[in-house]
Amino acid sequence: MGNASSILTQYDIEDVQEHSHYLYTQEEIVALYERFCQLDRNSKGYITSDEFLSIPEFSLNPLSHRLVQMVDGLNFKDFVAFLSPFSPKATAQQKIELIFKVYDTDGKGKVTFKDILEVLSSLTGSFMTQEQREQVLSKLMKEAGYDKDSSLSLEDFTKILSTPSLKMEVEVPID
């Protein structure tokens, strides 16, 4: 598995399956490996940010620049682990953890008002002014018991996003 042109063994498949918390069947892992090999144009054994952006589901995503920072240089095993929260079998907590990583721009385990505002800006583009985004976010944070100066941990973030009425639509089809 060190080289993208190598053959995926049964051991490799089981290892990747365990590494991705058994969210993919062995057949799905083989399909993901084939896709990984297509993306890894030079058979380096890892994918670059440019190769990753050739995936339509990600290149069209307004948060693609954040996702790219998370995947640049991933080998196959880590690529599948990264995709695991996008599996229909992933739990809401696994999806929340991925979303938290997208918002946690510096990787320090905290999400600030500024971090959320930056992502919100990417998502809304010119449909909202900066002032409107700040008002919406301030209101949301206040309703959740936080203010503009709060730094949210994963636990805080989970509490906010675990609202029963919130549906986590974070999935990417394999084929």
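Because the structure is a prediction, the values reported are computed rather than measured.

A. Up close: the environment of P62. Looking at where P62 falls in the secondary structure, it is placed in the loop between helix 4 (56-59) and helix 5 (64-71). Each C-alpha atom of the pair P62 and T124 lies 8.7 Å from the other, and the pair is 62 residues apart in sequence.

B. Region of interest: helix 9 (residues 130-143). For helix 9, with 14 residues, the first-to-last C-alpha span of 20 Å sits near the 20 Å given by 1.5 Å per residue. Residues of helix 9 that are buried include every one of R133, L137 and M141, and no others. Buried residues in helix 9, looked at end-on, bunch into an arc of 60°, giving them a common side. Opposite its buried face, helix 9 presents the exposed residues E131, K139, K142 and E143, each directed more than 90 degrees away. Looking at the packing, one finds that the buried side of helix 9 touches helix 8 (113-124) and strand 4 (151-152). Among the residues trailing helix 9, G145 stands out with phi positive, at a value near 90°.

C. View of the nonpolar core. Counting 41 residues, the largest nonpolar core has F52, F58, F76, F79, F82 and L83 as the members making the most contacts within it. Listed by contribution, the elements that provide at least two residues to this core are helix 1 (10-19), helix 2 (26-39), helix 5, helix 6 (76-83), helix 7 (92-103), helix 8 and helix 9. Counting residues per element, this core draws most heavily on helix 7, at six residues. Setting aside its immediate chain neighbours within four residues, L83 contacts Y24, L32 and F58.

D. Region of the structure containing the pattern of salt bridges. Per the stated rule, a full pass over the model turns up five salt bridges. For K44, the salt bridge goes to E51, with nearest N and O atoms at 2.8 Å. When its relative accessible area of 3% is taken as the criterion, E51 is described as buried.

E. View of the UniProt feature "domain: EF-hand" (unreviewed entry) in the chain. Those places that UniProt annotates as "domain: EF-hand" (unreviewed entry) correspond, in this numbering, to residues 27-62 and 91-126. With 58% helix and 6% strand, the stretch residues 27-62 has end C-alpha atoms that lie 30 Å from each other. Annotated as residues 91-126, this span is 67% helix and 6% strand, and its ends, taken at the C-alpha atoms, are 33 Å apart.

What counts and what doesn't
Residues numbered from 1 in each chain as written. Predicted model: local features only at pLDDT ≥ 70, side-chain atom pairs only at ≥ 80, totals over all residues. Heavy atoms only, no water. Helix = DSSP H or I, 4+ residues; strand = E, 2+ residues; numbered from the N terminus. Expected span 1.5 Å × (residues − 1). Buried < 20%, exposed > 50% of the residue type's maximum accessible area, 1.4 Å probe, protein only. Arc of directions from axis to C-beta. Contact = heavy atoms within 4.5 Å. Core = buried A, V, L, I, M, F, W, Y, C linked by side-chain atoms within 4.5 Å. Salt bridge = Lys/Arg side-chain N within 4 Å of Asp/Glu carboxyl O. UniProt positions renumbered as here; feature names shortened; annotations may be inferred.

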